[in-house]
Amino acid sequence: MIVLVVGGAGYIGSHAVRGLVQAGHDVWVLDNLSQGHAASVPAGRLVRGELADRGALETALRDHKVDAVMHFAAFASVPESVADPAKYYQNNLVGTLNLLDAMRATGVGRIVFSSTAAVYGVPEVVPIPEDAPKQPINPYGFTKLAMEHALADYARAYGLGYAVLRYFNACGASSDATIGEDHTPETHLIPIILQVALGQRESLSVFGTDYPTPDGTCIRDYIHVEDLADAHIRVLDRIEPGRGLTYNVGTGVGASVREVVDAARRVTGHPIPVVAHPRRAGDPPSLVASSQAIRRDLEWSPRYNAIEEIVASAWKWHKSHPHGYGTP
Ligand SMILES: NC(=O)c1ccc[n+]([C@@H]2O[C@H](COP(=O)([O-])OP(=O)(O)OC[C@H]3O[C@@H](n4cnc5c(N)ncnc54)[C@H](O)[C@@H]3O)[C@@H](O)[C@H]2O)c1
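Residues numbered from 1 in each chain as written. Predicted model: local features only at pLDDT ≥ 70, side-chain atom pairs only at ≥ 80, totals over all residues.

A. Highlighting the site of the ligand. Lining the immediate surroundings of the ligand are 27 residues, of which Gly7, Gly10, Gly36, Ala74 and Ala170 lie closest. Grouping the amino acids of the shell around the ligand by side-chain chemistry returns twelve nonpolar, 13 polar and two charged. (Near = placed C-beta within 6 Å. Nonpolar A, V, L, I, M, F, W, Y, C, P; charged D, E, K, R; others polar.)

The structure is reproduced here in structure tokens:
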């Protein structure tokens, strides 16, 4: 298939691009490089373009005779979405509608959309099944949920075929450590811990040590970025016109902040000093995916299950790229 990966110069998108190429697809990337890195895209495959530019989207879809779109482009910081919701509704929601309309105009009928565990808000049941109530607690989660609704409506009315993948906490790097996570500012736990191990931060701030969890810290489901990429490639073949597929993508097993820190201490040999802070508003105690549906339907299963393996994968990238894709 000819696949346009929108946001394919970003962290998860670049791993999906690599997986698609390895699976034999013909891949193009459209990205404005606001967060992405040209160095993570195969040579000659990057179209510098903007979701807001409907003409550029249509040109890319038409010129490359695209069969399917994978859409990773979005802003994804929860606190920033609370401080500046307009930025999020504009880019994530208006930008995605623009993409869907460009697809309609050019007759491209298949899309895989990056959604998030944030659509569940504070879950009533953990592990969280796909049919759990959708009650986001921040604008970021609302933008993603709104797009899930738009996709369903476009499928019914216009015959769009789509897959929604709700990721839990993406982490790790490619197994050869040539592409990995490089966000500015960094907000994700594992890279921040590894910045402490690299001497780039003095300590790790842990927000909340009195949650109703076994060690008092928050529990999350850490899913390796190559396992996420694999889920995209498997679901692409299953998309049918006028039909939607929705899956959680997580391991089904959670790790607490303390467990991640302990794993990083073992992997890096660094003591990783920790400073405890009060809870932050809006952090659910535990977010773990039920991944039964994707395991059953797509015969997908994560290759990385142990938190230590995941941290080791991230460490290999961060140690060999202490300044990410850039220079110090
Ligand atoms: N990282 C996670 O743990 C996680 C969890 C759940 C969901 N997600 C979702 O997965 C997707 C990818 O996340 P990521 O961590 O790889 O983020 P990322 O910021 O690394 O990648 C997003 C890419 O989209 C590009 N982009 C953003 N706005 C654009 C625009 N208007 N036009 C063109 N390109 C644009 C950026 O330059 C970047 O390369 C996002 O939609 C995010 O909401 C991520």
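B. Structural context of the domain arrangement of the chain. According to the domain assignment, the chain consists of domain 1 (2–170 + 223–249) and domain 2 (189–221 + 252–320). One C-alpha centre belongs to domain 1, the other to domain 2, and the line joining them spans 24 Å. Listed per partner, the contact involves 25 residues of domain 1 and 20 residues of domain 2. At the level of secondary structure, the elements contributing two or more residues to the side of domain 1 that touches domain 2 comprise β10 (222–224), α7 (225–236) and β11 (244–249). With six residues, the single largest contributor to the side of domain 1 that touches domain 2 is α7. (Domains from an automatic or database assignment. Contact = placed C-beta atoms within 7 Å. Helix = DSSP H or I, 4+ residues; strand = E, 2+ residues; numbered from the N terminus.)

C. Main features of the environment of tyrosine 120. Along the chain, the position of tyrosine 120 falls in the loop between β5 (110–116) and α5 (139–158). Classification of tyrosine 120 as buried rests on a count of 26 C-beta atoms within 10 Å. Separated by 151 residues in the primary sequence, tyrosine 120 and proline 271 have C-alpha atoms spaced 35 Å apart. Beyond its immediate chain neighbours, meaning those up to four positions away, tyrosine 120 contacts Ile128, Ala132, Lys134 and Gln135. (Buried ≥ 20, exposed ≤ 12 C-beta atoms within 10 Å, placed from the backbone.)

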